[in-house]
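Examination of the molecular architecture
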Amino acid sequence: MTEASKRYTIKIENVVASTNIKQEIDLKEFAATVEDAEYDRERFPGIVYRTKDPKVAALIFKSGKIVCTGAKSIADVHTGLAKVFGKMKGLGIDIIEDPEVNIQNIVATAVLDTHMIDLNAIAVGLGLENVEYEPEMFPGLVYRIKKPKVVVLIFGSGKIVITGGKSINDATTAVEKVVEELESIGLL
């Protein structure tokens, strides 16, 4: 365990993934047959199907594309999609074997082991070219990191939100980088 990792804990809040079964789906039939499937074409062009364990939402489109959201881990994405595929197979929809699942975004949070952070000093210290901070518009500082390519929201309370990562390692690396940079400029 590094010195930096002792200063925060990371929690995965949401994993968004996509897949494609490469077959058209009759959305009206699916919604009429599958309990808990929500379909209102006027409001959204696909079905919203929620699983309870794990608690995820699958957005199912006529084209066969599916977006899974709300998962708390990558394993939950795969388990949730397996349940969706099972429902589809039960309706006679052919599912290609082992459809490719692509992680689109991981949102994580971290809480730094500190009481308050001076966001004005951070904005200057991290370099204005990678930072957006307009406290009258948004209470957090937006820090864009190039590698890994993520956006980090830093709040005065010490809470951090990391978004845009494709892996859990991206979130961990981003937090480590923020902690190291804040320590190097004497703000943590």
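Residues numbered from 1 in each chain as written. Predicted model: local features only at pLDDT ≥ 70, side-chain atom pairs only at ≥ 80, totals over all residues. Heavy atoms only, no water.

1. Observations regarding the overall build of the chain
What the chain contains, in helices and strands, is four helices and ten strands. The helix and strand sequence of the chain, counted from the amino end, reads β-α-β-β-β-β-α-β-α-β-β-β-β-α. A globule of 188 residues ought to have a C-alpha radius of gyration of about 16 Å, yet the chain, at 20 Å, is considerably larger. With respect to the principal axes defined by its C-alpha atoms, the chain has extents near 60 × 40 × 25 Å. Each of the 188 residues in the chain was classed as buried or not, and the buried ones make up 43%. Taking the intrachain contacts of the chain between residues at least 6 apart in sequence as the baseline, contacts between residues at least 24 apart amount to 59%. (Helix = DSSP H or I, 4+ residues; strand = E, 2+ residues; numbered from the N terminus. Rg over C-alpha atoms; globule rule 2.2 N^0.38 Å. Buried < 20%, exposed > 50% of the residue type's maximum accessible area, 1.4 Å probe, protein only. Contact = heavy atoms within 4.5 Å.)

2. Side note on the packing of aromatic side chains
Throughout the structure, instances matching the rule amount to three aromatic pairs. Pairing F44 with F61 gives two aromatic rings, centres 5.6 Å apart and planes at 55°, and the pair type is tilted. Placement of the pair is F44 in the loop between strand 2 (37-39) and strand 3 (47-51) and F61 in the loop between strand 4 (56-60) and strand 5 (65-71), with a sequence separation of 17 residues. (Phe/Tyr/Trp six-rings, centres within 6.5 Å; stacked < 30°, edge-to-face > 60°.)

3. Remarks on unusual backbone geometry
For the bond running from D53 to P54, omega is 5°, close enough to zero to count as cis. The residue P54 is located in the loop between strand 3 and strand 4 in this model. Cis geometry marks the peptide bond from K147 to P148, where omega comes out at -5°. In this structure, P148 sits in the loop between strand 8 (140-145) and strand 9 (150-155). We note that D36 has phi near 75°; this positive angle belongs to a residue other than glycine.

4. As for the side chain of S18
Examined against the element boundaries, S18 turns out to sit in strand 1 (residues 8-20). The exposure class assigned to S18 is buried, which follows from its relative accessible area of 17%. At 2.8 Å, the side chain of S18 and the side chain of Q104 are in polar contact. Beyond its immediate sequence surroundings of up to four residues, S18 is in contact with I66, V67, E100, V101, N102 and Q104. (Polar contact = N/O pair within 3.5 Å; in protein donor to acceptor, adjacent residues only side chain to side chain.)

5. A closer look at the pairing of strand 6 (residues 102-112)
Burial analysis of strand 6 places eight of its eleven residues in the buried class, which makes it a mostly covered element. Where strand 1 and strand 6 come together, ten bridges link them in antiparallel fashion. Among the inter-strand pairings, V16 is bridged to a residue of strand 6, identified as N105. (Pairing = 2+ DSSP bridges.)

6. Some details on helix 2 (residues 74-90)
Since one α-helical turn is 3.6 residues long, residues separated by three or four positions face the same way. If you check helix 2, its first and last C-alpha atoms are 25 Å apart, about what 17 residues at 1.5 Å a residue would give, namely 24 Å. By the burial criterion, the buried members of helix 2 are V77, G80, L81, V84, F85 and M88. Looking down the long axis of helix 2, one finds its buried residues gathered within 140° of arc, a one-sided arrangement. Projecting away from the buried face of helix 2 at angles above 90 degrees are the exposed residues K89 and G90. The secondary structure elements touched by the buried residues of helix 2 are strand 1, helix 1 (27-33), strand 3, strand 4 and strand 5. One or two steps after helix 2, the chain reaches G92, where phi turns positive at roughly 85°. (Expected span 1.5 Å × (residues − 1). Arc of directions from axis to C-beta.)

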